[in-house]
Amino acid sequence: MLERSSQILINGKFFPKNNCETNLFNSAFSNGECVWEMFHTNASKILFFESHIERLCTAMKFFGMEIPSKFSRDRLLLKEELTKLLVKNKTFKGGKLFLYVYKKDFEQKSIFNTIDYASMVVQLSSPLYEINKTGLTLSIYNEITKPKNQLSNFQTHVDSIIKKMAINYAQKERVDDTLILNSENHIIESAIHGNIFLVKDKTILTPSLTEGCVNDVMRENVINISKELGYQVEEQTPITQEVIQNIDELFFASTNCGITWASALKNRRFYHSVVQNIFTKVNEIYME
């Protein structure tokens with residue numbers, strides 16, 4: 001059962017969630033000038049902190065945001081604040097830690113590129129990921145495609161809107177998830193469960209970041225784990241519907257959902273033996 005924050009961190013200060021006066025929902029949110037990162041936590045330990053912050057800073061730089069010292073040379077201070085937030089919320093098992101960075105209200109012209117930041121926690125019953133017992137059923141969403149540019153690699157409102165529309169489509173189709181296409185009609189990720197990976201014999205295929213998929217930290221971890229397990233990882237082959245017709249397994253990876261395997265796309269069926277090995281290794285790393 002998920003339990004949300006009772007305490008929220010805003011610009012280094014802690015506030016009760018239900019009695020909080022904040023500019024969290026300022027014009028930057030409504031205009032999409034906000035980027036965020038989700039961290040998986042094990043008790044008060046923030047997993048892959050540096051990788052997540054590097055990704056966040058790349059997004060901030062792309063949007064022309066000023067990067068404070070807490071996000072660059074003084075990251076230990078930021079990590080201490082986030083760790084304290086976990087303790088204040090009694091996150092003693094697993095958790096999802098959200099860190100939002102957004103421009104100060106642009107009506108204040110003198111501080112156009114300076115930022116505010118806020119963080120909150122969702123508690124989990126365990127730090128371990130769980131793999132789905134029944135494979136996902138899939139469809140392909142082709143009403144709106146994602147552009148092939150650097151913006152598509154970040155967690156933004158644009159990405160969220162497309163995925164929400166794709167989720168609505170999946171509900172209409174009565175499937176568990178749906179695949180998202182880029183502007184060249186190549187499959188790049190799923191609406192809910194993250195980056196896509198295909199298994200064919202001893203090769204694992206996944207779209208290149210230049211295809212427009214989100215650059216999730218879990219994507220990098222799965223690529224590294226796959227290589228350690230002896231698989232060849234191929235990121236240069238565009239994922240088309242024809243490619244999917246000739247694979248053995250299909251699975252997804254994200255910091256949010258962990259590892260999730262699919263069993264069916266239209267009349268195509270998939271196995272899940274390789275993904276089970278990768279999933280086991282992911283949990284070992286996340287418990288170290």
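Right above here is the structure, for reference.
Rules behind the numbers
Residues numbered from 1 in each chain as written. Predicted model: local features only at pLDDT ≥ 70, side-chain atom pairs only at ≥ 80, totals over all residues. Heavy atoms only, no water. Helix = DSSP H or I, 4+ residues; strand = E, 2+ residues; numbered from the N terminus. Rg over C-alpha atoms; globule rule 2.2 N^0.38 Å. Buried < 20%, exposed > 50% of the residue type's maximum accessible area, 1.4 Å probe, protein only. Contact = heavy atoms within 4.5 Å. Areas by Shrake-Rupley, 256 points an atom, 1.4 Å probe, with all protein chains shown as cover. Lys, Arg positive; Asp, Glu negative; His and termini not counted. Charge placed at Lys NZ, Arg CZ, Asp CG, Glu CD. Patch = residues over 30% accessible without salt bridge, like charges linked within 9 Å, V, L, I, M, F, W, Y side chains within 5 Å. Salt bridge = Lys/Arg side-chain N within 4 Å of Asp/Glu carboxyl O. Axes fitted to C-alpha atoms, helices over the stretch in contact; angles between N-to-C directions. Parallel < 35°, antiparallel > 145°, perpendicular 65-115°, else oblique. Left-handed = near helix turned anticlockwise from the far one by under 90°. Nonpolar A, V, L, I, M, F, W, Y, C, P; charged D, E, K, R; others polar. Core = buried A, V, L, I, M, F, W, Y, C linked by side-chain atoms within 4.5 Å. Polar contact = N/O pair within 3.5 Å; in protein donor to acceptor, adjacent residues only side chain to side chain. Phe/Tyr/Trp six-rings, centres within 6.5 Å; stacked < 30°, edge-to-face > 60°. Lys NZ or Arg CZ within 6 Å of the ring centre and 35° of its normal.

### Structural notes on the overall build of the protein
Per the secondary structure count, the protein includes 7 helices and 16 strands. Scaling as 2.2 N^0.38, a compact globule of 288 residues should have a C-alpha radius of gyration of about 19 Å, and the protein matches this with 19 Å. The dimensions of the protein, computed from C-alpha atoms along their principal axes, are 55 × 40 × 35 Å. Across the 288 residues in the protein, those meeting the buried criterion constitute 53%. Pairs at least 24 residues apart make up 70% of the contacts formed inside the protein by residues separated by at least 6 positions. As displayed, the protein has an accessible area near 13,800 Å², and 50% of this comes from carbon and sulfur atoms. In the protein, 33 side chains carry a positive charge and 33 a negative one; their mean positions are 4 Å apart.

### Re a nonpolar patch on the surface
A surface patch of nonpolar side chains, amounting to about 240 Å² of accessible area, comprises Ile144, Ile161 and Met165. Relative to the elements of secondary structure, methionine 165 occurs in helix H4 (residues 157-173).

### Description of the packing of helix H5 (residues 217-228) against helix H7 (residues 273-287)
The interhelical angle for the contact between H5 and H7, taken along N-to-C directions, is 115 degrees, at an axis separation of 10 Å. Considering the angle they form, H5 stands roughly perpendicular to H7. Judged by the twist between their axes, the crossing of H5 over H7 is right-handed. The residues of H7 that touch H5, namely those facing Met218, Asn221, Val222, Ile225, Ser226 and Glu228, are Ile278, Lys281, Val282, Ile285 and Tyr286. Residue composition of the contact of H5 with H7, grouped by class: 7 nonpolar, 2 polar and 2 charged.

### Focus: the nonpolar core
Ranked by size, the top nonpolar core spans 23 residues in total, and within it Phe71, Leu99 and Val101 carry the most contacts. For this core, the elements supplying multiple residues, two or more each, are strand S4 (34-42), helix H2 (49-62), helix H3 (75-88), strand S6 (94-103) and strand S7 (115-124). Apart from residues no more than four positions distant in its own chain, leucine 99 is found in contact with Val35, Trp36, Glu37, Phe39, Ile53, Leu56, Phe71, Leu78, Leu82, Tyr117, Ala118 and Ser119. By size, the runner-up hydrophobic cluster in this structure holds 22 residues, among which are Tyr129, Ile131, Val275 and Ile278.

### Concerning the side chain of glutamate 81
Assignment of secondary structure puts glutamate 81 in helix H3. Since its relative accessible area comes to 12%, glutamate 81 is described here as buried. Polar side-chain contacts of glutamate 81 include one of 2.4 Å to the side chain of lysine 70. In contact with glutamate 81, other than residues within four places in its own chain, are Leu9, Gly12, Phe14, Lys70 and Tyr117.

### Concerning the pattern of salt bridges
The full count for this structure, using the stated rule, is 12 salt bridges. When the shortest N-O distance is used, the salt bridge between lysine 148 and glutamate 184 registers 3.5 Å. With lysine 148 in the loop between strand S8 (136-146) and H4 and glutamate 184 in the loop between strand S9 (177-182) and strand S10 (187-190), the pair connects residues that are 36 residues apart, well separated along the chain. Residue class for lysine 148 comes out partly exposed when judged on its relative accessible area of 32%. Overall, the relative accessible area of 45% leaves glutamate 184 in the partly exposed class.

### With respect to the packing of aromatic side chains
With the rule as written, the count across this model stands at 10 aromatic pairs. Pairing phenylalanine 48 with tyrosine 286 gives two aromatic rings, centres 5.1 Å apart and planes at 55 degrees, and the pair type is tilted. Of the two residues, phenylalanine 48 sits in the loop between strand S5 (45-46) and H2 while tyrosine 286 sits in helix H7, which places them 238 residues apart along the sequence. Overall, phenylalanine 48 belongs to the partly exposed group, its relative accessible area being 27%. On the basis of an interplanar angle of 80 degrees and a centroid distance of 5.6 Å, the ring pair of phenylalanine 71 and tyrosine 117 is categorised as edge-to-face. Here phenylalanine 71 is found in the loop between H2 and H3, whereas its partner tyrosine 117 is found in strand S7, with 46 residues between them in sequence. Assessed through its relative accessible area of 0%, phenylalanine 71 is described here as buried. Above the face of the phenylalanine 14 ring, lysine 88 is positioned so that its terminal group lies 5.2 Å from the ring centre.

### Regarding unusual backbone geometry
One non-glycine residue with positive phi stands out, namely alanine 43, at about 60 degrees. For arginine 174, which is not a glycine, the phi torsion comes out positive at approximately 60 degrees. Assignment of secondary structure puts arginine 174 in the loop between H4 and S9. For arginine 174, a relative accessible area of 78% puts it in the exposed group.

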